[in-house]
Amino acid sequence: MDASDKLIHHLQETIPLTENEAELVKQSFKEVALKKKEMLLFKGETSSHMRFIAEGCLRSYYMDEETKEHIIQFGIEGWWINDLYSYLTQTPARQFIQAIDDSVLLQIHRDTLNKLYDEVPAVERFFRMKFETAYVALQDRTINSMSKTAEERYVEFRSKYRDIEQRVPQYMVASYLKITPEFLSAIRKNLS
């Protein structure tokens, strides 16, 4: 299955598309190939695209004043990745997005997407549902980071995202969980 077919299959899990609508969607997205460690978005750029991951693994992160990385999101095949705040407000991105391994994405510029909403109304419904899901996930993660122990957060991460844990370095998992790699190592040792 090529990248465009993966996108159509992904969309059709949520919304119905006719053959003509599927073709319009395919024509609206452009393929982007990234090598391992290649940057997709830099802090300060404005995010103007929605991005679907057809192959590979990426991360979005920000850097604090001490240049310490804080991972906000991982993305794997069948997921979307973006600095949504930058995209929705059209302000400079606060995040970096980088390929963790060789990746293929399909992206659509916001102007093209807005036209596609008019041509294929189901696509607008799809993205509304995606934004709602993203908001709920963000709120859940925020509350969990305040109310759960590091061990509880790791156990939940491992059960929800086993495939990600096996694909990314331990220090990145630790960053995502807001703990040190050494503390994550101790948690893993306690659990085994």
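Residues numbered from 1 in each chain as written. Predicted model: local features only at pLDDT ≥ 70, side-chain atom pairs only at ≥ 80, totals over all residues. Heavy atoms only, no water.

(A) Helix 2 (residues 19-28), seen in detail. Buried within helix 2 we find Glu21, Ala22, Val25 and Ser28. One face of helix 2 carries all of its buried residues, which in axial projection span an arc of 125 degrees. Exposed and facing more than 90 degrees away from the buried side of helix 2 are Glu19, Asn20 and Gln27. Each element contacted by the buried residues of helix 2 is listed here: helix 1 (3-12), strand 1 (30-34), strand 7 (103-109), helix 4 (110-119) and helix 5 (121-147). (Buried < 20%, exposed > 50% of the residue type's maximum accessible area, 1.4 Å probe, protein only. Helix = DSSP H or I, 4+ residues; strand = E, 2+ residues; numbered from the N terminus. Arc of directions from axis to C-beta. Contact = heavy atoms within 4.5 Å.)

(B) Just the layout of surface pockets, in detail. What the largest pocket holds in volume is close to 1500 Å³. For the largest pocket, the lining is made up of 41 residues, of which Ile72, Gln73, Ala134, Ala137 and Leu138 are closest to its centre. Counting residues per element, the ones that place at least two in the lining of the largest pocket are strand 5 (69-76), helix 3 (84-89), helix 5, helix 6 (150-160) and helix 8 (170-177). Broken down by element, the residue count for the lining of the largest pocket peaks at 13 residues, all from helix 5. In this structure, the second largest pocket encloses a volume near 170 Å³. Across the lining of the second largest pocket, the residue classes break down as five nonpolar, three polar and three charged. (1 Å grid on protein atoms, 1.4 Å probe; cavity = no way out; pocket = protein on both sides within 12 Å on 5 of 7 lines; lining within 4 Å. Points joined across faces, edges and corners; volume = space filled by probe spheres on them. Nonpolar A, V, L, I, M, F, W, Y, C, P; charged D, E, K, R; others polar.)

(C) Quick look at the sheet that holds strand 3 (residues 49-55). With antiparallel pairing, the three strands of this open sheet are ordered in space as 1-7-3. Across the chains shown, the open sheet's two edge strands, defined by having one partner strand only, are strand 1 and strand 3. With strand direction ignored, the average angle separating the axes of adjacent strands in the sheet is 30 degrees. Of the strand pairs in this sheet, strand 1 and strand 7 are connected by five bridges, and their pairing is antiparallel. Within the sheet, the bridge partner assigned to Glu31 lies in strand 7 and is Leu106. Across the sheet, helix 1 lies against strand 1, strand 3 and strand 7, angled at about 110 degrees from strand 3, the strand it touches most. (Pairing = 2+ DSSP bridges. Axes fitted to C-alpha atoms, helices over the stretch in contact; angles between N-to-C directions.)

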